[in-house]
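Structural overview
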Amino acid sequence: MTPILGVIIFLVLFAVLMMAVGLGSRFLELRGKKQMETMLNPGSAALEEQETSILVAPTERDPLDAFLERSALQSKIQTLLQQAGLQWTSSHLLVSMAVGALVGGLLGYVIRPLGFTVPSMLAFAFLIGGAPLFYVRHKRGVRLKELEEQLPEALDFLARSMRAGHAFSISLEMIGTEMPDPMGQEFRALFAEHNLGAPIEVAMANFGKRVPLLDVRLFISSVALQRQTGGNLSEVLTRLAFLIRERFRLRGQVRAASAHGRLTATVLTILPIFMIFALHFVAPDYLPQMIKDPDGRYMIVAAVVFQILGYLVMRKI
């Protein structure tokens, strides 16, 4: 075997070996990236097994998602869905709202509960079309309330862990492991983002975006101030947890003192709806005659509008 032939064979084998190593590392990188994306998503409760290909192929994107990415609406809707803990996309939410508005408009045209065609169509389109958004906002409110209730315990856990000698990042990991969801999900996402190389300030800022609570902002400010000026962070977190619990106690006292007014507002809101159903059984011809009368239609519309305004005013009070 000549030296040139030996060099050629060595180069070929070396090239084949490097290609195999490159493909293997690419495969592991794609699989790790997919797993980490699932970990960083706080709305997911379990990892889903998916097949990963080492071949990089162009992915098909939803045209509506591509259009929304060029506007500020995409980030706002995605943040809302993330705060609600739902695995939806912006396009799915908008399409469901559009379909609901179309169905509601058709129902309003057929039923005409307000006596007028256009107001009935608009009212039904608003109610049915806005139902997905109302559901997302309800889920967001419930989840944020749970996070707010779990935050004092998480701060106490973090303070105890740091007093025991653990580092701040290790304490974050322990909270994500020990705390129940949804607080555990958020701290797992916080630790995973920091563990991937993001500065703790950036990871904490993203944590504040996912959990837009006043107490969370105080927690982030405390951590940032301690890293800049020093001090006993565990003591600060313990006092912050005590302050949050005192705010809960004060809020409970306010709700107890305002229970009579809130009950009165609920009764005044439900009473007209109950009277409509009662009139339907007691005097079946009363409402149809009122709808047929031109002035009666305007009176019904005015009653509905002022009822909604009155509910909003009482809720604000």
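Let us look at the structure shown here.

What counts, and at which threshold
Residues numbered from 1 in each chain as written. Predicted model: local features only at pLDDT ≥ 70, side-chain atom pairs only at ≥ 80, totals over all residues. Heavy atoms only, no water. Helix = DSSP H or I, 4+ residues; strand = E, 2+ residues; numbered from the N terminus. Areas by Shrake-Rupley, 256 points an atom, 1.4 Å probe, with all protein chains shown as cover. Expected span 1.5 Å × (residues − 1). Bend = angle between axes of the 7 residues up to and from the residue. Salt bridge = Lys/Arg side-chain N within 4 Å of Asp/Glu carboxyl O. Axes fitted to C-alpha atoms, helices over the stretch in contact; angles between N-to-C directions. Parallel < 35°, antiparallel > 145°, perpendicular 65-115°, else oblique. Left-handed = near helix turned anticlockwise from the far one by under 90°. Contact = heavy atoms within 4.5 Å. Nonpolar A, V, L, I, M, F, W, Y, C, P; charged D, E, K, R; others polar. Core = buried A, V, L, I, M, F, W, Y, C linked by side-chain atoms within 4.5 Å. Buried < 20%, exposed > 50% of the residue type's maximum accessible area, 1.4 Å probe, protein only. Phe/Tyr/Trp six-rings, centres within 6.5 Å; stacked < 30°, edge-to-face > 60°.

Concerning the overall build of the chain
Of regular secondary structure, the chain possesses 14 helices and zero strands. Moving toward the C terminus, one meets the helices and strands of the chain in the order α-α-α-α-α-α-α-α-α-α-α-α-α-α. Carbon and sulfur atoms make up 68% of the accessible area of the chain, which totals about 21,100 Å².

Here we look at helix 6 (residues 131–163)
Here helix 6 contains 33 residues, and its C-alpha end-to-end distance of 48 Å stays within 8% of the 48 Å for a straight helix at 1.5 Å per residue. Approximately 35° is the largest bend angle found in helix 6, and it occurs at L151, with the proline P152 only one to four residues beyond. Positive phi appears at G165, one or two residues downstream of helix 6, with a value of about 110°.

Describing the pattern of salt bridges
For the coordinates displayed, the defined rule picks out twelve salt bridges. E235 is the salt-bridge partner of R239, the closest N and O atoms lying 3.3 Å from each other. Note that R239 and E235 are positioned in helix 11 (residues 233–257) at a spacing of four residues, about one turn of the helix. A cluster of three or more residues bridged by salt bridges with shared partners is formed by R143, E186, E193 and R210.

So, the packing of helix 8 (residues 183–195) against helix 9 (residues 200–210)
Running from amino to carboxyl end, helix 8 crosses helix 9 at an angle of 150°, the nearest separation of the two axes being 9 Å. In terms of orientation, helix 8 lies roughly antiparallel with respect to helix 9. Crossing handedness for the pair helix 8 and helix 9: right-handed. Facing E186, F187, A189, L190, E193 and H194 of helix 8, the residues of helix 9 in contact are I200, V202, A203, M204, N206, F207 and R210. Of the residues in the contact of helix 8 with helix 9, the class split is eight nonpolar, two polar and three charged.

Quick word on unusual backbone geometry
The omega torsion of the bond from D181 to P182 falls at 5°, within 30 degrees of zero and hence cis. Inspection of the secondary structure assignment puts P182 in the loop between helix 7 (168–178) and helix 8.

Details of the nonpolar core
One recurring pattern in soluble globular proteins: nonpolar side chains tend to sit buried together. L155, F168, L172, F187, F207 and F219 are the most contacted members of the largest nonpolar core, which has 31 residues in total. By residue number, the principal contributor to this core is helix 6, which donates eight residues. Residues L80, L86, L93 and V136 belong to the second largest nonpolar core, which totals seven residues.

Examining helix 4 (residues 90–111)
A turn of α-helix holds 3.6 residues, and therefore any two residues three or four places apart point the same way. Spanning 22 residues, helix 4 covers 31 Å between terminal C-alpha atoms, matching the ideal 32 Å at 1.5 Å per step. Following helix 4 by one or two positions, R112 adopts a phi angle in the positive range, close to 55°.

Observations concerning the packing of aromatic side chains
Considering all chains together, one arrives at five aromatic pairs under this definition. With centroids separated by 6.0 Å and ring planes inclined at 25°, the aromatic side chains of W88 and Y135 adopt a geometry described as stacked. You can see W88 sitting in the loop between helix 3 (73–84) and helix 4 and its partner Y135 sitting in helix 6, a full 47 residues away along the chain. Here W88 falls in the partly exposed class, since its relative accessible area comes to 31%.

In short, shape yes, function no, at least from these values alone.
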